[in-house]
Amino acid sequence: AAALRRLREVFDIEEPPPDVLSRKKPPQFMVDLFNEVADAHGITRAPGLLQGDVVRSFEDRVHVDQHHFYFDVGGMEKGEQMLKAEFRVFKLKMTRVSRRSNVKHFCKVEVYELLESRSKPQKKHLIASRLLSLYTEGWEVFNVTQTVSKWVGNSSSNHGFLITTTHVSSNRIEHNLVKFAKKQDTLQESRNALLVLFTNSNKRRSPSFVLSSTSKFTRVLEYELSVQFLRPRAAPVPSAKGQVAACHRRELYVDFHAIGWSGWIIYPSGYNAFYCRGSCLFPLGESLNATNHATVQSIVHTLKLSQDVSMPCCVPDELKSLNLLYFDDKENVVLKNYKDMVATRCGCH
């Protein structure tokens, strides 16, 4: 129990969310974003691909009104800093095609912030406006950072968005001629409207992490978890009796299914964290990636110039970040980047 609690702290999870993966599909946009920034194992492809370290998606909660969209943005964590907010809607192709030559093939689309919930006429504030073709379909993305920042600071001011479309022909104005994909249409499930927030978590390790010895914590965590959940591969057999293997990297697979997290983590199903093991005896070759300090320490240890000096430690000296795509406790899909989760190289330090 203590080991799993520690593991949840590493992943910034207070309590595991409910299992929703069996009954709910994640938005395709979030799946595509995960594949863009991470490989199949969740390892970051390259730094700087993601703006911030958290991407939160919120689905539209209004299923009756065709032009009203509401998103509950209450799932952000304390101290989380919003960098950008995008309102993503899928414009459907118009099926009724006019044969009149004087009909213009464009319409004006306007996105408003609703200032009150049930006022008639509706009080609203214009956020964005653009011209769109009547007879094409596809995603439209609107920058709504300023509006959503206000909602995050004061949730009672969130009454959602209103989209209006205006088509001007030669002698008349037609309103709301164009339709946008809505949740009640099951065929359009992958086209549901989304509000996507790019944020910085600004998370620092809890005092328990800072005060305790990191190396001791790692050893305890590795021991407690390896009994049930982690799958370290067998160690290579030394070639001669008594010979100790030099510092090297070994596999350490974290299996989310074995931990009981597979019901809410979408990708990956697990990842290879790796760990470092072996001796740092003098002489330290180039393959051991030793620091100058470690080289001096190994010489002092070998020559027994000081009884208190141990040999250098075999530790990760290069780490990569891990990306998780998962459902949070409100069933919103989140993509989060965790720094320093995978040991890519070991060295003597």
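Residues numbered from 1 in each chain as written. Predicted model: local features only at pLDDT ≥ 70, side-chain atom pairs only at ≥ 80, totals over all residues. Heavy atoms only, no water.

Draft legend 1. Geometry of the overall build of the protein chain. Each helix and strand counted, the protein chain has seven helices and 17 strands in total. Counting over 349 residues, the protein chain shows a buried share of 44%. Put simply, 72% of the contacts in the protein chain that link residues at least 6 apart link residues at least 24 apart. Total accessible area on the protein chain is roughly 19700 Å²; 52% of this is exposed by carbon and sulfur atoms. (Helix = DSSP H or I, 4+ residues; strand = E, 2+ residues; numbered from the N terminus. Buried < 20%, exposed > 50% of the residue type's maximum accessible area, 1.4 Å probe, protein only. Contact = heavy atoms within 4.5 Å. Areas by Shrake-Rupley, 256 points an atom, 1.4 Å probe, with all protein chains shown as cover.)

Draft legend 2. Helix α2 (residues 28-37), seen in detail. Listing the buried residues of α2 in full gives M30, V31, L33, F34 and V37. Taken down its axis, α2 places every buried residue within 160° of arc, on the same side. In this structure, the buried residues of α2 make contact with β1 (54-59), β9 (194-200), β13 (265-267), β16 (314-327) and β17 (333-348). (Arc of directions from axis to C-beta.)

Draft legend 3. Broad picture of the packing of aromatic side chains. Within the structure shown, the criterion is met by 15 aromatic pairs. Seen in terms of ring centroids, F34 and Y267 are 5.7 Å apart; in terms of plane orientation they differ by 25°. Their pairing is stacked. Of the two residues, F34 is situated in helix α2 and Y267 in strand β13; the sequence distance between them amounts to 233 residues. Accessibility expressed as a relative area gives 36% for Y267, which makes it partly exposed. An angle of 15° between the planes, with centres 6.1 Å apart, marks the rings of F256 and W261 as stacked. Taking the relative accessible area as the measure of exposure, F256 reaches 1% and is therefore buried. What makes W261 buried here is its relative accessible area of 3%. Three or more aromatic residues joined by ring pairs make a cluster, and in this case those are F11, F256, W261, W264, Y271, Y326 and Y338. Above the ring of Y112, the side-chain terminus of K124 is found at 5.0 Å from the ring centroid. The ring of F69 has K182 lying over it, and the distance from NZ or CZ to the ring centre is 4.1 Å. (Phe/Tyr/Trp six-rings, centres within 6.5 Å; stacked < 30°, edge-to-face > 60°. Lys NZ or Arg CZ within 6 Å of the ring centre and 35° of its normal.)

Draft legend 4. Inspection of the state of the cysteines at higher detail. Across all of its chains, the model carries two disulfides by this definition. Residue C247 pairs covalently with C314 via a disulfide, S to S 2.1 Å. Measuring handedness by torsion sign, the sulfur bridge of C247 and C314 sits at about 75° and is right-handed. Here C314 lies in strand β16 and C247 lies in the loop between β10 (230-232) and β11 (248-250), a separation of 67 residues in the sequence. Residue class for C247 comes out buried when judged on its relative accessible area of 9%. A relative accessible area of 13% places C314 in the buried class. (Disulfide = S-S within 2.5 Å.)

Draft legend 5. Just the sheet that holds β1, in detail. Read from one edge to the other, the open sheet built from seven strands follows the order β6-β3-β9-β1-β17-β16-β13, with strand pairing classed as antiparallel. Each end of this open sheet is capped by a strand with a single partner; those strands are β6 (138-143) and β13. In this sheet, adjacent strand axes meet at a mean angle of 30° when their direction is disregarded. In this sheet, β9 lies alongside strand β3 (residues 81-91) in antiparallel orientation, the contact comprising seven bridges. The residue of β9 that forms the bridge with K84 is F198. Seen against the sheet, α2 touches β1, β3, β9, β13, β16 and β17 and runs at an angle of roughly 15° to β17. (Pairing = 2+ DSSP bridges. Axes fitted to C-alpha atoms, helices over the stretch in contact; angles between N-to-C directions.)

Draft legend 6. Spotlight on the nonpolar core. Core analysis: the biggest nonpolar cluster contains 39 residues, and F11, F256, Y271 and L335 have the highest contact counts within it. Elements that contribute at least two residues to this core include exactly α2, β1, β9, α6 (256-259), β13, β16 and β17. With seven residues, β17 is the largest single contributor of residues to this core. In this structure, M82, A85, F87 and L195 belong to the second largest nonpolar core, which totals 29 residues. (Core = buried A, V, L, I, M, F, W, Y, C linked by side-chain atoms within 4.5 Å.)

Draft legend 7. Just helix α1 (residues 2-10), in detail. Among the residues of α1, those classed as buried are A3, L7 and R8. Down the axis of α1, the smallest arc covering the buried residues is 140°, so these residues share one side. Residue D12 follows α1 closely and has a positive phi angle near 55°.

Draft legend 8. Molecular detail of the pattern of salt bridges. Inspection of every chain in the model, using the stated rule, returns 13 salt bridges. R56 is paired through a salt bridge with E80; the nearest N and O atoms lie 2.8 Å apart. Of this pair, R56 sits in strand β1 while E80 sits in the loop between β2 (68-69) and β3, and the two are 24 residues apart along the sequence. Under the relative-accessibility criterion, R56 is labelled buried at 3%. (Salt bridge = Lys/Arg side-chain N within 4 Å of Asp/Glu carboxyl O.)

Draft legend 9. Looking closely at unusual backbone geometry. In the segment running from Y267 into P268, the intervening peptide bond is cis, with an omega of -10°. Positive phi is not limited to glycine here, since E331 has a value of about 65°. For E331, the location among the structural elements is in the loop between β16 and β17. Overall, E331 belongs to the partly exposed group, its relative accessible area being 22%.

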